[in-house]
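Report on the structure
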Amino acid sequence: MAPYCAYCYKLCAGEKDLKKCGKCHKRSFCSKECQVSDWKNGAHRYWCGKSREINVDFEVKDSLGKGVGVFATQPIKRGDKVIVERPIVIAPEVKWFGGVGPRRSMDWSDPKVPTSAQWAVDGLIPHDGTLFQKIAMNGLALGEDLSRTGLFLTLSKVNHDCIGNCQHYYIEAHKVEILVASKDIKPGEEITFPYVPGRRGVTTILRRAEYLQGMYSFSCTCEACSVSSIGNKLVEIEELNDAIMEQFSKGTARSINNAIRAGERAIRIYDELGMSDVLYQATYYDLFQVAITRKETVDKGKRYIQLAAESAFRFFGLKDHETVAKLFGYAEAPHSHRNYNLL
């Protein structure tokens, strides 16, 4: 990808036309004004030196059978913040209707694309498509409420894998989407994330294929889709996480032990597949809530909540993040949770 300004997205003739951040010496800008604006308004002051940068640690180039993709050029470690990026445009949620694909919501209106970023939007597939079609195929939900969709210069070029080596989240306070490495990534390896993570009813190979074809018009050939033993583990993960709370709700010593076994089995599958820390923190937290209900398993619960907090911090990267702060709070005072010695 040609050099461009990290703040206004203006294309530049070459690296010599760009100014580097004086602190991390990685992030590039077309002017001093954009450098200052990115520090004040673009959240770089929070992530300077903590995130990887394009044309330094990764690059955009052709990906066989996928058009373009994002590839590591330097070793990337589990938990590294690979991409920290503001959306080019923000639009209403793009909804998927089974069998008919994405559809506009009633309040949809095309957002305005900054002139300096039009080249990036034009380069997204479908190349001759409308702005809605480009957002539907390349956009990411901003936050967990799914009410908004963002279109990104680099993140929108990261390809799908049903397991992936990364996962992403949105920080409303910083107005940025962050891509986090789920495992170590070697130079030359493509950077990917699942487009359908944890969607109810979209865990089987057949349902994932239907969703991906209907929403994005492609067929996935990743290991989880081509090797049934791996694909079935994604289904098992959903079933095991459901079983934790189902068994817990029965409230017997036996069911509590069954819930713990289900959660620990899910963790072993995460280890095997190299899943995201965001999944570890959620399952460890569920295990904590279950284990602290009985004196016999309280010590296990204390271990689970410490692991949940560490996983959350590795993923979110901020001690004051709401989830991280809550989990470390329970790690310091597990008795403050309402489930402590409940049964």
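For the structure, see preceding data.
Let me sum up the structure you'll find in this document.

Cut-offs and rules
Residues numbered from 1 in each chain as written. Predicted model: local features only at pLDDT ≥ 70, side-chain atom pairs only at ≥ 80, totals over all residues. Heavy atoms only, no water. 1 Å grid on protein atoms, 1.4 Å probe; cavity = no way out; pocket = protein on both sides within 12 Å on 5 of 7 lines; lining within 4 Å. Points joined across faces, edges and corners; volume = space filled by probe spheres on them. Helix = DSSP H or I, 4+ residues; strand = E, 2+ residues; numbered from the N terminus. Nonpolar A, V, L, I, M, F, W, Y, C, P; charged D, E, K, R; others polar. Buried < 20%, exposed > 50% of the residue type's maximum accessible area, 1.4 Å probe, protein only. Pairing = 2+ DSSP bridges. Axes fitted to C-alpha atoms, helices over the stretch in contact; angles between N-to-C directions. Contact = heavy atoms within 4.5 Å. Expected span 1.5 Å × (residues − 1).

Let us now look at empty space enclosed by the protein. Applying the stated rule across the entire model yields two cavities of 30 Å³ or more. The wall of the largest cavity is formed by 21 residues, among which Tyr4, Ala6, Arg27, Glu53 and Ile54 lie closest to the centre. Sort the elements by how many residues they give to the lining of the largest cavity and strand 5 (residues 81-85) lands first, with four residues. Counted by class, the lining of the largest cavity contains nine nonpolar, four polar and eight charged residues. Of the voids in this model, the second largest cavity is the one considered here, and its volume is about 40 Å³. In this structure, the second largest cavity is lined by Arg27, Gly42, Ala43, His44, Trp47, Ser51, Glu53 and Val84. Class assignment of the residues belonging to the lining of the second largest cavity gives a composition of three nonpolar, three polar and two charged.

Before going further, it helps to spend a moment on the pairing of strand 5. With five of its five residues buried, strand 5 lies for the most part within the structure. The pairing of strand 5 with strand 13 (residues 176-181) spans four bridges and is antiparallel. By the bridge assignment, Ile83 is partnered in strand 13 with Leu179.

In space, the three strands of this open sheet follow the order 5-13-12, with antiparallel pairing throughout. Single-partner strands in this sheet number two, and they are strand 5 and strand 12 (166-171). Ignoring which end each strand starts from, the neighbouring axes of this sheet average 15° apart. Looking at chain direction, strand 12 and strand 13 are connected through six bridges and run antiparallel. When the bridges of strand 13 are listed, Cys166 appears paired with Ala181. This element, helix 10 (residues 298-316), spans strand 5, strand 12 and strand 13 of the sheet and lies at about 80° to strand 12.

With that out of the way, let us pick up the pairing of strand 12. Burial analysis of strand 12 places six of its six residues in the buried class, the great majority of the element. Burial along strand 12 is two-sided: the residues Cys166, His168 and Tyr170 and Gln167, Tyr169 and Ile171 are all buried.

A separate point is helix 8 (residues 253-273). Helix length check: helix 8 (21 residues) gives 31 Å between terminal C-alpha atoms against 30 Å at 1.5 Å per residue, within 8%. For helix 8, the full list of buried residues reads Ser255, Ile256, Ala259, Ile260, Ala262, Gly263, Ala266, Ile267, Ile269, Tyr270 and Leu273. Elements in contact with the buried residues of helix 8: helix 7 (228-248), helix 9 (277-291) and helix 10. Positioned one or two residues after helix 8, Gly274 has a phi angle of 70°, which is positive.

The sheet built from three strands is open, its strands ordered 6-10-9 with antiparallel pairing. Two strands lie at the open edges of the sheet, namely strand 6 (89-92) and strand 9 (140-141), each paired on one side alone. Strand direction decides the pairing type here: strand 6 and strand 10 (residues 148-151), joined by four bridges, are antiparallel. Looking at the pairing, Pro92 lines up with Arg148 of strand 10. Contacting strand 6, strand 9 and strand 10, helix 4 (residues 131-138) runs over the sheet at an angle of about 95° to strand 10.

Considering the arrangement of structural elements, one finds Ile178 in strand 13. You can call Ile178 buried: its relative accessible area is 0%. Spatially, the C-alpha atoms of Ile178 and Val82 are 7.4 Å apart, while their sequence positions differ by 96 residues. In contact with Ile178, not counting residues within four places along its chain, are Trp47, Lys81, Ile83, Val84, Gln167, His168, Tyr169 and Ile171.

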